[in-house]
Amino acid sequence: MISVRLHPDKHSAAQAIAREIADLIRLRSESGKATVLGLATGSTPLPLYAELVRLSREEGLSFRSVVTFNLDEYAGLSADHPQSYRTFMEENLFRHLDIPAANIHIPDGLTDDAARECGAYEASIRAAGGIDLQVLGIGRTGHIGFNEPPSSADCRTRRVHLDEVTRQDNSVVFGDLAQVPRGALTMGVATILEARRVALLAFGAAKAGIVARAVKEAPSADCPATWLQRHPDCVFHLDAAAAQSL
Ligand code: GLP
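A brief structural summary. (Residues numbered from 1 in each chain as written. Predicted model: local features only at pLDDT ≥ 70, side-chain atom pairs only at ≥ 80, totals over all residues. Heavy atoms only, no water.)

## Side note on the overall build of the protein
Now for step 1: When its secondary structure is counted, the protein shows seven helices and ten strands.
Now for step 2: Here the protein has a C-alpha radius of gyration of 17 Å; the compact-globule value for 246 residues is 18 Å, and the two agree.
Now for step 3: When its C-alpha atoms are laid out on the principal axes, the protein stretches across 45 × 45 × 35 Å.
Now for step 4: The burial tally for the protein puts 53% of its 246 residues in the buried class. (Helix = DSSP H or I, 4+ residues; strand = E, 2+ residues; numbered from the N terminus. Rg over C-alpha atoms; globule rule 2.2 N^0.38 Å. Buried < 20%, exposed > 50% of the residue type's maximum accessible area, 1.4 Å probe, protein only.)

Encoded structure:
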C-alpha cells in the first residue's frame with residue numbers, strides 16, 4: 001500500500017526522512033544490530049543526504065553500524081568516473097560520514113559478467129539481513145532504480161537498457177546525450193519490494209504526472225513504480241507541486 005505524506009517543501013521532507021533514518025540507526029545500534037539502507041541517486045535525494053551529513057556533524061549521529069546498498073550504476077563507467085553513481089555517492093554522502101568502506105555496496109559498472117555481479121549483489125543483500133529502509137526517487141518513465149518499462153514485479157538485479165527519455169533527462173549531468181551510457185545494472189523490482197520499508201521522494205511539478213500514475217494506475221509493468229502499491233509499508237514523500245494530480 002502507498003501512503004502519501006505531504007511536506008511544505010523538499011527540505012522539510014529531507015528533515016523528516018533523515019530523522020526517521022537516525023531513529024532507526026540509533027534504535028538498532030542500541031541492541032547491537034546493523035542498519036541496512038537502500039540508497040538512490042539523482043537530484044531528488046540530495047537534500048536528504050545533506051541533512052544526514054548535518055546530523056552526523058552536529059548531532060554526532062554515527063554511521064559505523066550502517067550498511068548501504070545503492071540501487072544502480074551505469075554500465076561501462078568506472079567507479080572513479082566523474083558521472084558514476086559511486087562518485088556521486090562518495091561526494092554527496094559517504095566521504096562526509098564515518099561509514100566503514102567495507103559496508104558500502106554499489107554494483108560494479110565495469111563488470112565483464114553482469115549476471116555474476118548481479119547475483120552476487122542479491123546475495124550480499126540477503127547476507128546483510130535484507131534492506132531495512134529503501135530510499136527511492138522516480139523517473140519520468142515510471143522507473144524506480146533503473147527498472148524501465150516494461151519491468152515485471154518479479155525482476156531481480158540485472159543489466160538493463162536505459163529508456164531514451166531517461167537518457168535525455170540524465171544528459172544534463174553528462175553535458176551531452178552521446179556520453180550517457182545506454183545500459184545500467186539495477187536492483188530489480190522484486191529486490192526493492194523486499195525492503196522492509198520504502199520511502200519514495202518526489203518534488204516539483206515535473207513529477208506530478210508520474211506520481212499520479214504510480215499511485216492511481218493498476219499495477220503493471222508499463223509503469224514499474226505502480227508495483228509499490230503491493231508493498232506493505234511504502235510512503236511517498238511529496239511537496240504540493242508533486243502531489244497536484246493526485
Ligand atoms: C535516475 C536514477 C533514479 C532516480 C531518477 C530520478 O535515472 N537511476 O534512481 O530516481 O533518475 O532522478 P531525479 O531525482 O534527478 O529526478
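Next comes the rest of the write-up.
## Comments concerning the sheet that holds strand S7 (residues 158-161)
Now for step 1: One open sheet accounts for three strands, arranged S4-S8-S7; its pairing is antiparallel. Only two strands of the sheet have a single partner each, and these edge strands are strand S4 (72-74) and S7. If you compare each strand with its neighbour and ignore which way they point, the axes differ by 30 degrees on average. (Pairing = 2+ DSSP bridges. Axes fitted to C-alpha atoms, helices over the stretch in contact; angles between N-to-C directions.)

## Quick word on the packing of helix H1 (residues 10-30) against helix H2 (residues 46-59)
Now for step 1: Running from N to C, H1 and H2 point in directions that differ by 55 degrees, and their axes come no closer than 8 Å. Regarding the angle of H1 to H2, the classification is oblique. Like other packed secondary-structure pairs, H1 and H2 cross with a definite hand, here right-handed. In this structure, H1 contributes Lys 10, His 11, Ala 14, Gln 15, Ile 17, Ala 18, Arg 19, Ile 21, Ala 22 and Arg 26 to the contact, and H2 contributes Pro 47, Leu 48, Glu 51, Leu 52, Leu 55 and Glu 59.
Now for step 2: Classifying every residue of the contact of H1 with H2 by side-chain character gives nine nonpolar, two polar and five charged. (Parallel < 35°, antiparallel > 145°, perpendicular 65-115°, else oblique. Left-handed = near helix turned anticlockwise from the far one by under 90°. Contact = heavy atoms within 4.5 Å. Nonpolar A, V, L, I, M, F, W, Y, C, P; charged D, E, K, R; others polar.)

## Focus: the pattern of salt bridges
Now for step 1: Tallied over the full model, the rule gives 16 salt bridges.
Now for step 2: As a salt-bridge pair, Asp 132 and Arg 28 come within 3.5 Å of each other at their nearest N and O atoms. Placement of Asp 132 in the loop between helix H4 (114-127) and strand S6 (133-136) and of Arg 28 in helix H1 is noted, with a sequence separation of 104 residues between them.
Now for step 3: Two residues, Asp 132 and Arg 196, come together in a salt bridge whose shortest N-O distance is 2.9 Å. With Asp 132 in the loop between H4 and S6 and Arg 196 in the loop between helix H6 (189-193) and strand S9 (197-202), this pair connects stretches of sequence that are 64 residues apart.
Now for step 4: Relative accessible area serves as the criterion here: at 6%, Asp 132 is assigned to the buried category. (Salt bridge = Lys/Arg side-chain N within 4 Å of Asp/Glu carboxyl O.)

## A word on the side chain of Asp 72
Now for step 1: Relative to the helices and strands, Asp 72 is located in strand S4.
Now for step 2: Lacking a salt bridge, the buried Asp 72 has Arg 158 as its closest oppositely charged neighbour, with an N-O distance of 9.8 Å.
Now for step 3: There is a polar contact of 3.4 Å between the side chain of Asp 72 and the backbone nitrogen of Phe 146.
Now for step 4: When neighbours within four sequence positions are excluded, Asp 72 is seen to be in contact with Thr 41, Tyr 85, Ile 106, Pro 107, Gly 145, Phe 146, Leu 185 and Thr 186. (Lys, Arg positive; Asp, Glu negative; His and termini not counted. Polar contact = N/O pair within 3.5 Å; in protein donor to acceptor, adjacent residues only side chain to side chain.)

Geometry only, nothing functional implied.
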